[in-house]
Amino acid sequence: MYFCPPNRNIMIEKLLTQTIVRATAKLYGREVANELVQVQKTRPEFEGDFTVVVFPLLRLSHKSPEQTAEELGDFLVEHLVEVEAFNVIKGFLNLVIADAYWLDFFETAAGQAHFGFSEPGDSDPVVVEFSSPNTNKPLHLGHVRNILLGWSVSEILKSAGRKVVKVNLVNDRGIHICKSMLAWQKWGEGKTPEKAGMKGDKLVGDFYVKFDKEYKKEIETLIQQGLSKEEAAQQAPLLLEAKQMLRGWEEGDENVRKLWADMNGWVYDGFDVTYKRMGIEFDKTYYESDTYLLGKAIVEEGLEKGVFFKKEDGSVWCDLSDEGLDEKLLLRADGTSVYMTQDLGTAQLRYDDYHPSELVYVVGNEQNYHFDVLKLVLKKTGRLWAENIRHLSYGMVELPHGRMKSREGTVVDADDLMDEMFETARKTTEELGKFDDFSPEESKQLYHILSQGALKYFILKVDPKKNMTFNPEESIDFNGHTGPFIQYTHARIKSVLRKAAAAGIEIREVDKTAFSTEPKEKDLLRLLHEFPQILLQAAENMSPAMIANFVYELAREFNQFYHELPIAKEPDTQKRNFRLGLSAFVGTVIRSSMGLLGIQVPDRM
RNA sequence: GGUCUCGUAGCUCAGUUGGAUAGAGCAGCAGCCUUCUAAGCUGCGGGUCGCAGGUUCGAGUCCUGCCGGGAUCACCA
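Residues numbered from 1 in each chain as written. Chains lettered and ligands numbered in written order. Predicted model: local features only at pLDDT ≥ 70, side-chain atom pairs only at ≥ 80, totals over all residues. Heavy atoms only, no water.

## Digging into the protein's contact with RNA strand B
And then number 1: As a matter of local geometry, RNA strand B sits amid 64 residues, with Asp-313, Tyr-488, Arg-492, Lys-499 and Lys-569 nearest to it.
And then number 2: The side chain of Lys-90 places a nitrogen or oxygen atom 3.1 Å from a phosphate oxygen of RNA strand B.
And then number 3: Here a phosphate oxygen of RNA strand B sits 3.1 Å away from a polar atom, N or O, in the side chain of Arg-403.
And then number 4: Counting only elements with at least two residues in the surface near RNA strand B, the list comes to strand 2 (50–53), strand 4 (92–97), helix 16 (414–432), strand 15 (468–469), helix 18 (483–502) and helix 20 (544–564).
And then number 5: Here the element with the most residues in the surface near RNA strand B is helix 18; it accounts for seven residues. (Near = heavy atom within 4 Å. Polar contact = N/O pair within 3.5 Å; in protein donor to acceptor, adjacent residues only side chain to side chain. Helix = DSSP H or I, 4+ residues; strand = E, 2+ residues; numbered from the N terminus.)

## Notes on the packing of helix 18 against helix 21 (residues 573–596)
And then number 1: Here helix 18 crosses helix 21 at 145 degrees, and the two axes come no closer than 10 Å. As for the relative orientation of helix 18 and helix 21, their crossing is left-handed in sense. The residues of helix 21 that touch helix 18, namely those facing Gly-483, Ile-486, Gln-487, Thr-489, His-490, Ile-493, Lys-494, Val-496, Leu-497 and Ala-500, are Leu-580, Ser-583, Ala-584, Val-586, Gly-587, Ile-590, Arg-591 and Met-594.
And then number 2: Looking at the contact of helix 18 with helix 21 residue by residue, the class counts come to ten nonpolar, six polar and two charged. (Axes fitted to C-alpha atoms, helices over the stretch in contact; angles between N-to-C directions. Left-handed = near helix turned anticlockwise from the far one by under 90°. Contact = heavy atoms within 4.5 Å. Nonpolar A, V, L, I, M, F, W, Y, C, P; charged D, E, K, R; others polar.)

## Here's the deal with helix 19 (residues 519–541)
And then number 1: For helix 19, which comprises 23 residues, the first-to-last C-alpha distance of 32 Å matches the rise-based estimate of 33 Å (1.5 Å per residue) to within 8%.
And then number 2: By the largest-angle criterion, Phe-531 marks the main kink of helix 19, which is about 35 degrees, and a proline, Pro-532, follows within four residues.
And then number 3: Phi turns positive, to about 45 degrees, at Met-542, one or two residues after helix 19. (Expected span 1.5 Å × (residues − 1). Bend = angle between axes of the 7 residues up to and from the residue.)

## Let's talk about the packing of aromatic side chains
And then number 1: By the definition in use, this model includes 25 aromatic pairs.
And then number 2: With a centroid separation of 5.9 Å and 75 degrees between ring planes, the pair formed by Phe-55 and Phe-92 is classed as edge-to-face. Pair noted here: Phe-55 is in the loop between strand 2 and helix 2 (58–61) and Phe-92 is in strand 4, with a separation of 37 residues, a long-range link.
And then number 3: With relative accessibility at 41%, the residue Phe-55 sits in the partly exposed group.
And then number 4: A relative accessible area of 32% means that Phe-92 is categorised as partly exposed.
And then number 5: By the ring-pair criterion, three or more aromatic residues cluster together here, those being Phe-105, Phe-115, Phe-531, Phe-550 and Phe-585.
And then number 6: When the ring centre of Trp-187 is taken as reference, the NZ or CZ atom of Lys-210 above it lies at 5.1 Å.
And then number 7: For the cation-ring pair, Lys-284 lies above Tyr-286, with the distance from its terminal atom to the ring centre recorded as 5.0 Å. (Phe/Tyr/Trp six-rings, centres within 6.5 Å; stacked < 30°, edge-to-face > 60°. Buried < 20%, exposed > 50% of the residue type's maximum accessible area, 1.4 Å probe, protein only. Lys NZ or Arg CZ within 6 Å of the ring centre and 35° of its normal.)

## A word on the environment of Val-53
And then number 1: Considering the arrangement of structural elements, one finds Val-53 in strand 2.
And then number 2: For Val-53 and Met-468, which are 415 residues apart along the polypeptide, the C-alpha to C-alpha distance reads 35 Å.
And then number 3: Excluding residues within four positions of it along the chain, Val-53 makes contact with Gln-38, Gln-40, Gly-91 and Phe-92.

## Considering the packing of helix 19 against helix 21
And then number 1: Running from N to C, helix 19 and helix 21 point in directions that differ by 30 degrees, and their axes come no closer than 11 Å. For the element pair helix 19 / helix 21, the angle class is roughly parallel. Seen along the crossing, helix 19 lies across helix 21 with a hand that is left-handed. Touching Glu-521, Leu-524, Leu-525, Leu-528, Phe-531 and Leu-535 of helix 19 are Phe-578, Arg-579, Leu-582, Phe-585, Val-586, Val-589, Ser-592, Ser-593 and Leu-596, all from helix 21.
And then number 2: When its residues are assigned to classes, the contact of helix 19 with helix 21 shows eleven nonpolar, two polar and two charged. (Parallel < 35°, antiparallel > 145°, perpendicular 65-115°, else oblique.)

## Quick word on the environment of Gly-480
And then number 1: Along the polypeptide, Gly-480 turns up in the loop between strand 15 and helix 18.
And then number 2: We classify Gly-480 as partly exposed; its relative accessible area is 36%.
And then number 3: Spatially, the C-alpha atoms of Gly-480 and Tyr-552 are 9.3 Å apart, while their sequence positions differ by 72 residues.
And then number 4: Ignoring anything within four residues of it in the chain, the contact list for Gly-480 reads Phe-485 and Tyr-552.

## Looking at the pairing of strand 5 (residues 126–129)
And then number 1: Of the two faces of strand 5, both are covered, the one formed by Val-126 and Val-128 as well as the one formed by Val-127 and Glu-129.
And then number 2: The pairing of strand 5 with strand 6 (residues 164–170) spans four bridges and is classified as parallel. Among the inter-strand pairings, Val-128 is bridged to a residue of strand 6, identified as Lys-166.
And then number 3: Of the crossover connections in this fold, the one passing from strand 5 over helix 5 (residues 141–159) to the parallel strand 6 is right-handed.
And then number 4: Bridge count between strand 5 and strand 11 (residues 358–364): four bridges; the pairing is parallel. (Pairing = 2+ DSSP bridges. Right-handed = clockwise from strand over helix to strand, strands pointing away.)

## Quick notes on the confidence of the model for chain A
And then number 1: Taken as a whole, chain A shows an average pLDDT of 93; of its residues, 98% reach a score of 70 or greater.
And then number 2: For this predicted complex, the interface confidence comes out at an ipTM of 0.96, alongside a pTM of 0.95. (pLDDT = per-residue confidence, 0-100.)

## What about the sheet that holds strand 3 (residues 83–89)?
Strand pairing in a sheet takes place through backbone hydrogen bonds and is either antiparallel or parallel in direction.
And then number 1: Sheet architecture is open: four strands sit in the order 1-2-4-3, paired in antiparallel fashion. Each edge of the open sheet is held by one strand with a lone partner, namely strand 1 (38–41) and strand 3. Neighbour-to-neighbour, the strand axes of this sheet turn through a mean angle of 30 degrees, independent of strand direction.

## Section: unusual backbone geometry
And then number 1: Positive phi outside glycine occurs at His-62, with the angle close to 55 degrees.
And then number 2: Within the chain, Ser-131 stands out as a residue other than glycine whose phi angle is a positive 75 degrees.
And then number 3: Along the chain, the position of Ser-131 falls in the loop between strand 5 and helix 5.
And then number 4: A residue is classified by how much of its surface remains accessible, and Ser-131, at 4% relative accessible area, is buried.

Below, the structure written as structure tokens:
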């Protein structure tokens, strides 16, 4: 399914670099180091395609920047057919690449269904963990960023030739779910998602909120009775009951386990609806109820090896002060696991399951410290593969007034948000008065594609590392630097191609010698030419934002081309064929780029 | 307090090993639909890149300090 010849744009940049190295040997008697040769894109305000920065070469030439540039320019024009002309401005050598090169690139690349994608290699897979929800509350905007990043990064890694396993680790046990269970027992009156007519995750989430409310009341009462705030929080009967329930769960109490299985089942049904709507699936789902006891063996092993130590109370620690960190608890005094213990175990499990070349964890940056520790602790036990753990640390989604807080009710619910986006898509489309001929099903499908595109693009266009702001007051835009703008560009291209086909125009071979490119055509070719590199960089940096920004630029560039030049209406047959082919090429790259972001593109909108 | 991180136009964001006069979108103003989809295109205004030093031929980008925001430093996950 994937095919792609060697990367041509990497090749020309390499070719230029190599030739400059040769030039310095010939002209100045000494070869310059490859790293000192800087070949970059020429800025749009200057004439040329690639620019060589000559300043680093002056130490060899012992001449002025201008003269050095002139000499190198002459050499390149003389030795490379691809270099047609050059100009020198302030020590920058701007090279004009021949039309033939660009048209040759067009000829070989335009027809490829997966232009820029690498063929899958034989290496061990990358395991990407993302989503990783708790089962006591519905998914919110923070999870949405996590899920979209995890999915997109997985697709991007695949496009770079890696095998990928998408995994989810569901936190299905613990005090949090017991709180929901207890609240359901006390005030649920036998409610189920079916009876209540609501999504299971919402129902369970409501009981979690209910618990919290009643718990707070109890704390209030206890404080009035003279207890300190902390004492009250510890001793409130509801909390004690929830803890009792957790013990029951761990001892395998049938009733508790039954209720637990039922309520988690409701939650999974709810999550599935949300995942499905987002177009997300996993290759494997792990459950903490299966893995929470893992990791103790690693702790034992570490004790034997003497890399961990036990305190008097029986708790086990790892001393990381050599690494600039402090001591880290690995096992409680009562022998029970902490978060770190489990994560040691699940990392091992995942390693055993897949022998991955890389273990990627899509987890918020508030856990940076945790992952530093995880790697160090694993390494202490001699697990060299810990080096392959990569924490894809992403920034929080903040509201204009700060972070989302569930107790202040400012959490943006994923389903609600998607509903609102869908409404916006419907209204916008209806206001524009397009496609009254669409069936209700077709319309619904279009609104779905547009709303998901708007939301996903809004989130993925931001550098994962950075915090981002979401303003719930303003609905996500459909104009400008947005998903729908790019989707629109695709639909526009398809429309032109449809009309051309309907008019009986066949796109035949283009005679490259019959015309020269217009500036807007070449701008597009140059951008398309960059795509393979962008993909590799996005994979290396695990950054969907790089692709998002690239495809936006491509769409913007296409729209300018579209306004400036006739495509199907161009009278010159060769030019017309070329422009149609170029448009189709842009459409393909838009589609595959957006696909890497998990965004579909419509043929009509 | 220690560690990490961020600070670019009114707002949301680009700016990939340091390279030319710092770019987009939104919002505002002014234009463009008898011509391939106006969810589009064109133009205008808007910046001491938090502040101060330093390294360099060259700094939004690297180093130091300061100011401001955030995260983290749990026998929580």
